[in-house]
Amino acid sequence: MTDLNGSKRRDDRAEPLAGFVDGVVVGNEFASIEISVDTSGRVRRAVLKDITSGQVRYIDPLVLQALVYMPDDVMQSLADPNLIVSD
């Protein structure tokens, strides 16, 4: 079994990519985002699509890892509605 970056995995867990290739929608009363995985390039990337506007962002594994380690106060400032700009 291979990891999302194509390297061999060390355990027998189910392939995590299977549920995200076609996309999964997560949302609440403030936002709805479709999360999928772009497998067309050399490295697989997360694809985030805002359901309302259609805006798409491709995120590589290094950026995702940075989000995991980001302090809570910094993460909360990213979600400040006053900073979100829409067309």
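Residues numbered from 1 in each chain as written. Predicted model: local features only at pLDDT ≥ 70, side-chain atom pairs only at ≥ 80, totals over all residues. Heavy atoms only, no water.

When helices and strands are tallied, the protein chain shows 2 helices and 4 strands. Each helix and strand of the protein chain, placed in order from N terminus to C terminus, yields the pattern β-β-β-β-α-α. The buried share among the 87 residues of the protein chain stands at 9%. On the protein chain, roughly 7,200 Å² of surface is accessible, and the fraction owed to carbon and sulfur atoms is 54%. (Helix = DSSP H or I, 4+ residues; strand = E, 2+ residues; numbered from the N terminus. Buried < 20%, exposed > 50% of the residue type's maximum accessible area, 1.4 Å probe, protein only. Areas by Shrake-Rupley, 256 points an atom, 1.4 Å probe, with all protein chains shown as cover.)

A few words on the sheet that holds strand β1 (residues 24-27). Pairing is antiparallel in the open sheet, where 4 strands are placed in the order β1-β2-β3-β4. The outermost strands of the open sheet, each flanked by one partner alone, are β1 and β4 (56-59). Pairs of neighbouring strands in the sheet enclose a mean axial angle of 25 degrees, with direction left out of account. Note: strand β2 (residues 32-38) against strand β3 (residues 45-50), 6 bridges, orientation antiparallel. If you follow I33 over to β3, its bridge partner there is D50. (Pairing = 2+ DSSP bridges. Axes fitted to C-alpha atoms, helices over the stretch in contact; angles between N-to-C directions.)

Here the focus is the pattern of salt bridges. Inspection of the entire model under this criterion finds 1 salt bridge. When the shortest N-O distance is used, the salt bridge between R45 and D38 registers 2.7 Å. Exposure remark for R45: the relative accessible area of 31% places this residue in the partly exposed category. (Salt bridge = Lys/Arg side-chain N within 4 Å of Asp/Glu carboxyl O.)

Attention shifts here to the pairing of β2. As judged from the 4 bridges shared by β1 and β2, these two strands associate in the antiparallel manner. When the bridges of β2 are listed, V24 appears paired with I35. Counted along the chain from β1 to the antiparallel partner β2, the turn is 4 residues long.

Right, let's talk about the confidence of the model for the protein chain for a bit. Regions with low pLDDT carry predicted coordinates that are not meant to be interpreted in detail. Confidence along the protein chain averages 79 in pLDDT terms, with 71% of residues attaining 70 or more. The least confident element of the protein chain is helix α2 (residues 72-78), whose mean pLDDT is 86; the most confident is β4, at 95. When the criterion is pLDDT under 50, residues 8-14 qualifies, and its contacts beyond four places in sequence or with other chains add up to 10 contacts. (pLDDT = per-residue confidence, 0-100. Contact = heavy atoms within 4.5 Å.)

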